[in-house]
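So you can see what is in the structure, the chains are spelled out below.
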Amino acid sequence: MNRLIGKTISVNEVGYESLQFEKEEIDEILIPTEILAPLLEPIMTTSVDYTDAEGNYYLYLSVSRDEIGLPSYEVWLVNGELIPNVFGGSEDVR
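These notes cover the structure that comes with them.

Procedures and definitions
Residues numbered from 1 in each chain as written. Predicted model: local features only at pLDDT ≥ 70, side-chain atom pairs only at ≥ 80, totals over all residues. Heavy atoms only, no water. Phe/Tyr/Trp six-rings, centres within 6.5 Å; stacked < 30°, edge-to-face > 60°. Helix = DSSP H or I, 4+ residues; strand = E, 2+ residues; numbered from the N terminus. Buried < 20%, exposed > 50% of the residue type's maximum accessible area, 1.4 Å probe, protein only. Core = buried A, V, L, I, M, F, W, Y, C linked by side-chain atoms within 4.5 Å. Pairing = 2+ DSSP bridges. Lys, Arg positive; Asp, Glu negative; His and termini not counted. Salt bridge = Lys/Arg side-chain N within 4 Å of Asp/Glu carboxyl O. Polar contact = N/O pair within 3.5 Å; in protein donor to acceptor, adjacent residues only side chain to side chain.

On inspection of all chains with the given rule, the structure shows two aromatic pairs. On the numbers, 6.2 Å between centres and 25° between planes, the contact of Y50 with Y58 is stacked. Seen from their ring centres, Y60 and W76 are 4.8 Å apart, and the 55° between their planes marks the pair as tilted. A residue pair is termed long-range when its members are at least 10 positions apart, and Y60 in strand β3 (residues 57-63) and W76 in strand β4 (residues 73-78) qualify at 16 residues. Considered together, Y60 and W76 belong to a single accessibility category, that of buried residues.

See the structure below:
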């Protein structure tokens, strides 16, 4: 979150969750089919969320790709809007 909003946030201020999904349960707008295709089910995900003083809602999603030797696929949303290539990464390692 610090890299996204330029502010250090206390662990007590964020929500954290790890979940497992089947491929058909994941929104293809957030995680493209080509990212999910080589992964075994269930798909392991992690999310971190934060709401700032102005009411802006930040959500970070990560899909583990350890099983195929690739870094996690990352997705960032602000107020429900997808932020593509937040840190200048390639589409494959967002």
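What follows deals with the nonpolar core. Counting residues in each nonpolar core, the largest one holds twelve residues, listed as I26, I31, I35, L36, L39, I43, L59, L61, V63, Y73, V75 and L77. Judged by nonpolar contacts, the second largest core, of eight residues, contains M1, I9, V48 and Y50.

Time to look at the pairing of β3. Summarising burial for β3: six of the seven residues are buried, a large majority. Note that strand β2 (residues 43-51) and β3 share seven bridges and pair antiparallel. Each bridged residue has a counterpart across the sheet, and for D49 the counterpart in β3 is L59. As consecutive antiparallel partners, β2 and β3 are separated by five residues, and within that stretch G55 has a phi angle of approximately 90°, a positive value. Where β3 lies against β4, six bridges are found, and the strand directions are antiparallel. Of the residues in β4, the one forming a bridge with Y58 is V78.

Note the cis peptide between E41 and P42, where omega equals 0°. Along the chain, P42 turns up in the loop between α2 (33-36) and β2. Its identity is not glycine, yet N79 carries a phi of approximately 55°, on the positive side. Among the secondary structure elements, N79 is positioned in the loop between β4 and β5 (81-82).

To continue, consider the side chain of D52. With respect to the helices, strands and loops of the structure, D52 is situated in the loop between β2 and β3. In this structure, D52 is buried with no salt-bridge partner, the nearest side chain bearing the opposite charge being K7 at 7.0 Å. Among the polar contacts made by the side chain of D52, one reaches the main-chain amide nitrogen of E54 at a distance of 3.0 Å.

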